[in-house]
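# Secondary and tertiary structure notes
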Amino acid sequence: MSTATLPISSVNSVGWPSGTVLEHYDPEAERVSNRIDEALKQEAARRKEAKKREVRVLLLGQADSGKSTLHKQFQLYYASHTLERERPSWRPAVYLNIVRATRTIMEGLENEVALSIGNPPDPDFPITKGIQDEVTRMASTLRPLIDAESILSSELNGGLSGRASSYARSGWQTLISPRRNSSDTLADLTPGARRVVELLREMRESVETLRRYPLVASLLARRKMRIEESAPYFLNNVNRVCHPDYLPTTEDILNVRMKTLGVVEYSLSVQQAGRDYTWRMYDVGGARSQRHAWIPYFDDTTAILFLAPISAFDQQLEEDPKVNRLEDSLQLFTAICSSRLLEKATLILFLNKVDLLKQKLQNGRKVRKYIPSYGNRPNTYEEASEYFRAHFCQVQRKKDKTHRALFVHFTSMLDTKATHLVVADVANAIVRKHIEELGLA
Ligand SMILES: Nc1nc2c(ncn2[C@@H]2O[C@H](COP(=O)(O)OP(=O)(O)OP(=O)(O)O)[C@@H](O)[C@H]2O)c(=O)[nH]1
Ligand SMILES: [Mg+2]
């Protein structure tokens, strides 16, 4: 006879309600059940402990503010071996930056020449027939190189085509990494990258002299042509980068411009006060069309690193030319400071690109012309940087209902030594606050 369950009528003396079925007591089942409970408890404790050791950091700011460059500096400081591993995969990205600069400049020149035909001559730089012919000649020489951009761009983007899509998506390096270790470094490149480097070698003189061409210099000086800020750096280095054994230097990697698409997650191991922490860094695309993708990452954020390029006081947003870039940065910072979802996060503000700000002011660019409220203050770096800092601090004082401390740093992200001091300082502040909040034993 089975003894698995007994009808209640047979044990009614213990007073169970009629109709209830009493399970047969099985000591082994109870042991298993206890073991499961214990394992679940341990898992919950392990998760809690892991959470204490996990720091979630969001890099926020408008496009071209330096977020990805700051991530590279963190990587260089805390995990330089990973950057070392990736170094060869930056090579095609460097080529792409050169080709893009070449194309942008040639488009600007051709556009200027087209405008000059049938219109009164520009008094600042009359375009003669000689200049027209020269631009046509340059365009035809450089055409094969410019045409090769879309193939290289598509390789870097895993098949997304089009020039505008020179984006860095999660894991882009694996798409373009050298496939094997051979002594022929050109054979290691993807077909598009190989084609570009071969063309660059052929045309390096024409590419190198492009920026110094008088009409280009004049258009850039009169702000009638816009190129990436790192374009001059790469155009000055064409000869070096198209050498067969070229391996990107750290400076090259820091200068590379690739727009971030969506949100890219990085993981770093950081040792702080004798303990190991896992830093999850989220590097977002900063263009307006990308910002909706940030919100799901706001939950449970330990710290926000907000980047505002203060050199951009004289520029407009690429995605909306009516909007001043500094104004956009301030608006964005206002939204971040007032976000309820982010109110527990440590707030760190990087007023970035101070090297370019100094350069612009030294060259006589007037802040007042773009920011009328600047008034008659001296047009010096000290005065302007303090004016911008005060505006960001004021926004935070007004909008941040939690009255958090705001950590502010003036940075030039390409200056590795100075940036690493800031990186160490910022990491300390974030972990200290994290320990306070979660109470680490
Ligand atoms: N001169 C100078 N250039 C900088 C500085 N910080 C970043 N850059 C350059 O500015 C360009 C843009 O930097 P990124 O880090 O790609 O900008 P981002 O904020 O990640 O931009 P998105 O991904 O489009 O949102 C790169 O070419 C960098 O080398 C700086 O402090 N000074
Ligand atoms: Mg980026």
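Since the structure is predicted, the reported quantities are computational estimates derived from the model, not experimental observations.

### Quick notes on the overall build of the protein chain
Scanning the protein chain from N- to C-terminus turns up 17 helices and 10 strands. Among the 441 residues that make up the protein chain, the fraction classed as buried is 48%. Excluding contacts between residues fewer than 6 apart, the proportion of contacts in the protein chain whose partners are at least 24 apart in sequence is 73%. Carbon and sulfur atoms form 52% of the exposed surface of the protein chain, whose accessible area is close to 22,600 Å².

### Looking at the pairing of strand S8 (residues 303-309)
The two faces of a sheet get side chains in turn, since along a regular strand they alternate between them. Along S8, 7 of the 7 residues are buried, which leaves the element largely enclosed by surrounding structure. Going residue by residue along S8, you find Ala303, Leu305, Leu307 and Pro309 tucked away on one face and Ile304, Phe306 and Ala308 tucked away on the opposite face as well. Where strand S3 (residues 54-60) lies against S8, 4 bridges are found, and the strand directions are parallel. In the sheet register, Leu59 faces S8, and the bridge partner there is Leu305. Bridge analysis of S8 against strand S9 (residues 346-352) gives 7 bridges, and the strand direction is parallel. Within S9, the position partnered with Ala308 by the bridge is Leu351. Crossover connection from S8 via helix H13 (residues 325-338) to parallel S9: handedness right-handed.

### A word on helix H9 (residues 214-221)
Considered for burial, the residues of H9 that qualify are Leu215, Val216, Ser218, Leu219 and Leu220. Phi for Arg223, located one or two positions after H9, is positive at around 55 degrees.

### So, a nonpolar patch on the surface
Residues Val32, Ile36 and Leu40 make up a contiguous nonpolar surface patch of about 260 Å² in total accessible area. With respect to the helices and strands, Val32 occurs in helix H1 (residues 27-52). The class for Val32 is partly exposed, based on a relative accessible area of 33%.

### Thoughts on the nonpolar core
Core analysis: the largest hydrophobic core is formed by 54 residues, its most contacted members being Tyr95, Ile98, Met106, Leu109, Leu145, Leu200 and Val207. Residue assignment for this core shows that the elements contributing at least two residues are helix H4 (91-116), helix H5 (129-147), helix H6 (149-156), helix H8 (191-210), H9, helix H10 (231-235) and helix H11 (238-241). Excluding residues that lie within four positions of it along the chain, Met106 makes contacts with Val135, Met138, Ala139, Leu142, Ile146 and Leu210. Val263, Ile310, Ala345 and Ala384 belong to the second largest nonpolar core, which has 38 residues in total.

### Brief notes about the sheet that holds S8
Judged by pairing direction, the sheet is mixed, and its 6 strands sit side by side in the order S6-S7-S3-S8-S9-S10 without closing on themselves. Strands with a single pairing partner mark the edges of an open sheet, and in this sheet they are strand S6 (263-272) and strand S10 (406-410). This sheet shows a mean twist of 20 degrees between the axes of neighbouring strands, independent of strand direction. As paired strands, S6 and strand S7 (residues 275-284) are joined by 10 bridges and run antiparallel to one another. Looking across to S7, one finds that Glu265 is bridged to Tyr282. Across the sheet, H13 is in contact with S3, S8, S9 and S10; its angle to S8 comes to roughly 165 degrees. The sheet contacts of helix H17 (residues 416-438) involve S3, S6, S7, S8, S9 and S10, and relative to S7 the element is tilted by about 110 degrees.

### Remarks on the coordination of the magnesium ion (ligand 2)
For the magnesium ion (ligand 2), the full set of protein donor atoms is Ser68 (OG) and Thr260 (OG1), and the range of their distances to it is 2.1 Å. Of the two residues, Ser68 is situated in helix H2 (residues 67-78) and Thr260 in strand S5 (residues 259-260); the sequence distance between them amounts to 192 residues. Overall, Ser68 belongs to the partly exposed group, its relative accessible area being 22%. Residue Thr260 is classed as buried on the basis of its relative accessible area, which comes to 9%.

### Thoughts on the UniProt feature "binding site: Mg(2+)" (unreviewed entry) in the protein chain
Mapped onto this numbering, the UniProt entry annotates "binding site: Mg(2+)" (unreviewed entry) at Ser68 and Thr260. The greatest C-alpha distance among the annotated residues, which extend across 193 residues, is 7.6 Å, indicating that they converge on a single site. Those residues in contact with Ser68 that lie beyond four places of it in its chain are Thr260 and Asp283. Of the polar contacts made by the side chain of Thr260, one reaches the side chain of Ser68; its length is 2.9 Å.

### Quick look at the site of ligand 1
Inspection of the region around ligand 1 gives 25 residues, with Lys67, Thr69, Leu254, Gly286 and Met413 positioned closest. With respect to ligand 1, the backbone of Gly66 contributes an N or O atom lying 3.0 Å from an oxygen atom. A distance of 2.9 Å is found between an oxygen atom of ligand 1 and a side-chain nitrogen or oxygen belonging to Ser68. Against a free-state accessible area of 660 Å², the protein chains account for coverage of 96% of ligand 1. Every element with two or more residues in the shell around ligand 1 is listed here: H2, helix H12 (250-255), S5 and helix H14 (354-362). The residue makeup of the shell around ligand 1, split by class, is 7 nonpolar, 12 polar and 6 charged.

### Things to note about the UniProt feature "binding site: GTP" (unreviewed entry) in the protein chain
What UniProt calls "binding site: GTP" (unreviewed entry) maps, in this numbering, to Leu254, Asn255, Val256, Arg257, Met258, Lys259, Thr260, Asn352, Lys353, Val354 and Asp355. Relative to the helices and strands, Arg257 resides in the loop between H12 and S5. Beyond its immediate chain neighbours, meaning those up to four positions away, Arg257 contacts Ala63, Asp64, Asn97, Arg100, Glu228 and Ser230.

Reading the values: the criteria
- By convention here, each chain's residues receive numbers from 1 onward along its written sequence.
- Working convention: letters from A go to chains and numbers from 1 go to ligands, in the order in which they are written.
- Confidence filtering applies because this is a predicted model: local features only for residues at pLDDT of at least 70, side-chain atom pairs given and counted only at 80 or more, and all residues used for totals across whole chains, interfaces and linings.
- Excluded from the side-chain calculations are hydrogens and water; all other atoms, namely the structure's heavy atoms, are used.
- Every helix listed is a DSSP run of H or I at least four residues long, and every strand listed is a run of E at least two residues long, numbered separately from the N terminus.
- Exposed residues in this analysis have more than 50% of their type's maximum accessible area, buried residues have under 20%, and partly exposed residues fall in between, with area computed by a 1.4 Å probe over protein chains only.
- Contact criterion: two residues are considered in contact whenever any of their non-hydrogen atoms come within 4.5 Å of each other.
- Only the protein chains shown count as cover for residues, with accessible areas throughout obtained via the Shrake-Rupley method and a probe of 1.4 Å.
- Pairs of strands are assigned from DSSP output, requiring at least two bridges between the strands.
- Whether a crossover is right-handed depends on one test, that the path from the first strand over the helix to the second runs clockwise when the strands point away from the viewer.
- Patch building starts from residues that exceed 30% relative accessible area and form no salt bridge, then joins like charges within 9 Å and nonpolar side chains (Val, Leu, Ile, Met, Phe, Trp, Tyr) within 5 Å.
- The salt bridge definition used is simple: a Lys or Arg side-chain nitrogen within 4 Å of an Asp or Glu carboxyl oxygen.
- Buried residues of nine kinds, namely Ala, Val, Leu, Ile, Met, Phe, Trp, Tyr and Cys, make up a nonpolar core once their side-chain atoms join them within 4.5 Å.
- Interaxial angle, 0 to 180 degrees, is taken between N-to-C directions of lines fitted to C-alpha atoms, where a helix line uses only the stretch in contact.
- Think of the donor list as every N, O and S atom within 2.8 Å of the metal, or within 3.2 Å for Na, K and Ca; water never makes the list, so a site can look incomplete.
- UniProt positions are given in the numbering used here, feature names are shortened, and annotations may be inferred rather than shown by experiment.
- Residues adjacent in sequence count toward polar contacts only when both atoms are side-chain atoms; beyond that, a polar contact is any pair of N or O atoms within 3.5 Å, and within protein one must be able to donate a hydrogen and the other to accept it.
- A molecule or strand has a residue near it when one of that residue's heavy atoms lies within 4 Å.
- Each residue gets one label: Ala, Val, Leu, Ile, Met, Phe, Trp, Tyr, Cys and Pro are nonpolar, Asp, Glu, Lys and Arg are charged, and the others, such as Gly, are polar.

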